[in-house]
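Next come the chains, spelled out residue by residue.
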Amino acid sequence: MHKLCFIGLGNPGSKYDNTRHNIGKDWLIKISETYCDKFIKKTKLEAEITHSRSDEILWVIPDNFVNNSGKTISKIIKNINLPKNKMIILHDDLDLNPGEVRLKEGGGHGGHNGLRDIFEKTGSNDYIRIRIGIGHPGNKDLVSNWVLNKFNPTDKKYLKKAFDLFASNFNLICDQKFSQAQKALHTK
C-alpha cells in the first residue's frame, strides 16, 4: 500500500530536458537514482513509474505535456487509494528565484498552467508541492519562451545548491515530517 506519491512535472522528449519547465521532472529523476530502480512506462496511466521503500512510495513522471498533467494525475488517483494530500508534486515556480525551493501544502495554482489543469481535472488543490524557483523573465509576454529555455550558468549553480538542500532533507518529506522539511528548506 502506497503512503506517498511523488510526481515530477515536465514535458516529454529529450529536447525539453534541463529546461525551466522540466525542473520538477529533472529533480525527481535525479533524486530517484538514490532510492529507486529505473522507471517503467505504463501506457494506461500515461506515465513512467517506479517504487521505493518496499513499495510504500510511488514515483510518477507524466508522459504528457506540463499543461496537460491533470490527465495523468487523475488516472493515478483512480488507480491508487491515496489521499491527494499524500501526493507531492515537484514543479517549476516563476515566483521564486533560482536556488529557492519551498514546500507548500494546498493553495492555488499561482498561474501555473500544469497545476491549473491538475486542479481542474481532479477537483482538488489539496496536494503537497515542492516549488522550485526558476525566476521570472520580467515581462509576462516572455514567460512562454522563458519556461522552455535552459538555465544560464549562474542559475545552474544556485539550482545545484537548492537541489543539495532538497536532497539532504528528502527523508523528512518521505517520513511526512512536512513542517520540519519546510523549516529546513525555507531557512536561509
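Look up: the structure comes first, before these words.
Here the structure is a predicted model, which means the values were calculated and not measured. (Residues numbered from 1 in each chain as written. Predicted model: local features only at pLDDT ≥ 70, side-chain atom pairs only at ≥ 80, totals over all residues. Heavy atoms only, no water.)

For this particular structure, what's the right way to read the packing of aromatic side chains?
Within a pair of aromatic rings, the relevant descriptors are the distance that separates the centres and the angle that separates the planes. As enumerated under the stated definition, the model contains 11 aromatic pairs in all. Taking the centre distance of 5.0 Å and the plane angle of 35 degrees together, the rings of Phe 6 and Phe 170 count as tilted. Of this pair, Phe 6 sits in strand 1 (residues 4–8) while Phe 170 is found in helix 6 (residues 170–174), placing the two residues 164 residues apart along the sequence. Each member of the pair, Phe 6 as well as Phe 170, carries the same accessibility label: buried. By way of ring pairs, the aromatic residues Phe 6, Trp 27, Tyr 35, Trp 59, Phe 163, Phe 166 and Phe 170 are connected into one cluster. The ring of Trp 146 has Arg 20 lying over it, and the distance from NZ or CZ to the ring centre is 3.6 Å. Positioned above the aromatic ring of Phe 163, the side-chain terminus of Lys 30 is 4.4 Å from the ring centre. (Phe/Tyr/Trp six-rings, centres within 6.5 Å; stacked < 30°, edge-to-face > 60°. Helix = DSSP H or I, 4+ residues; strand = E, 2+ residues; numbered from the N terminus. Buried < 20%, exposed > 50% of the residue type's maximum accessible area, 1.4 Å probe, protein only. Lys NZ or Arg CZ within 6 Å of the ring centre and 35° of its normal.)

I keep staring at the environment of Phe 163 and nothing clicks. Help me out?
Following the sequence through the fold, Phe 163 ends up in helix 5 (residues 153–168). Judged by its relative accessible area of 7%, Phe 163 is buried. On a C-alpha basis, the gap between Phe 163 and Ser 14 in space is 21 Å, while along the polypeptide they are 149 residues apart.

I keep staring at the sheet that holds strand 4 (residues 57–62) and nothing clicks. Help me out?
Each strand in a sheet pairs with its neighbour through backbone hydrogen bonds, running either in the same direction (parallel) or in the opposite one (antiparallel). In spatial order, the strands read 2-3-4-1-5-7-6; together these seven strands make up an open sheet with mixed pairing. Of all the strands in the sheet, the pair left with one neighbour each is strand 2 (40–42) and strand 6 (101–105). Averaged over all pairs of adjacent strands, the angle between their axes in this sheet comes to 25 degrees, without regard to strand direction. Packing of helix 5 onto the sheet brings it into contact with strand 5 (87–93), strand 6 and strand 7 (128–133), and relative to strand 7 it is tilted by some 155 degrees. (Pairing = 2+ DSSP bridges. Axes fitted to C-alpha atoms, helices over the stretch in contact; angles between N-to-C directions. Contact = heavy atoms within 4.5 Å.)

Explain the side chain of Asn 11 here, please?
Structurally, Asn 11 is set in the loop between strand 1 and helix 1 (23–35). Residue classification places Asn 11 among the buried residues on the basis of a relative accessible area of 4%. In this structure the side chain of Asn 11 is engaged in a polar contact, spanning 2.9 Å, whose partner is the backbone nitrogen of Val 66. Non-local contacts of Asn 11, meaning those with residues more than four positions away in its chain, are made with Tyr 16, His 21, Asn 22, Lys 25, Phe 65, Val 66 and Leu 148. (Polar contact = N/O pair within 3.5 Å; in protein donor to acceptor, adjacent residues only side chain to side chain.)

Please clarify how the layout of surface pockets should be interpreted in this entry.
Gaps between atoms show up when a probe of the same size as a water molecule is rolled over them. Here the largest pocket defines a volume of roughly 400 Å³. Taken together, 22 residues line the largest pocket, and the ones lying closest to its centre are Leu 94, Gly 111, His 112, Asn 113 and Val 143. The set of elements that each furnish at least two residues to the lining of the largest pocket consists of strand 5, helix 3 (113–122), strand 7 and helix 4 (143–147). In terms of residue class, the lining of the largest pocket is built from five nonpolar, 11 polar and six charged. Together, 13 residues line the second largest pocket, and Asn 18, Ile 23, Asp 26, Trp 27 and Lys 30 are the ones closest to its centre. Elements with a minimum of two residues in the lining of the second largest pocket: helix 1 and helix 5. Here the lining of the second largest pocket takes five residues from helix 1, the largest share from any one element. Class assignment for the residues of the lining of the second largest pocket results in six nonpolar, one polar and six charged. (1 Å grid on protein atoms, 1.4 Å probe; cavity = no way out; pocket = protein on both sides within 12 Å on 5 of 7 lines; lining within 4 Å. Points joined across faces, edges and corners; volume = space filled by probe spheres on them. Nonpolar A, V, L, I, M, F, W, Y, C, P; charged D, E, K, R; others polar.)

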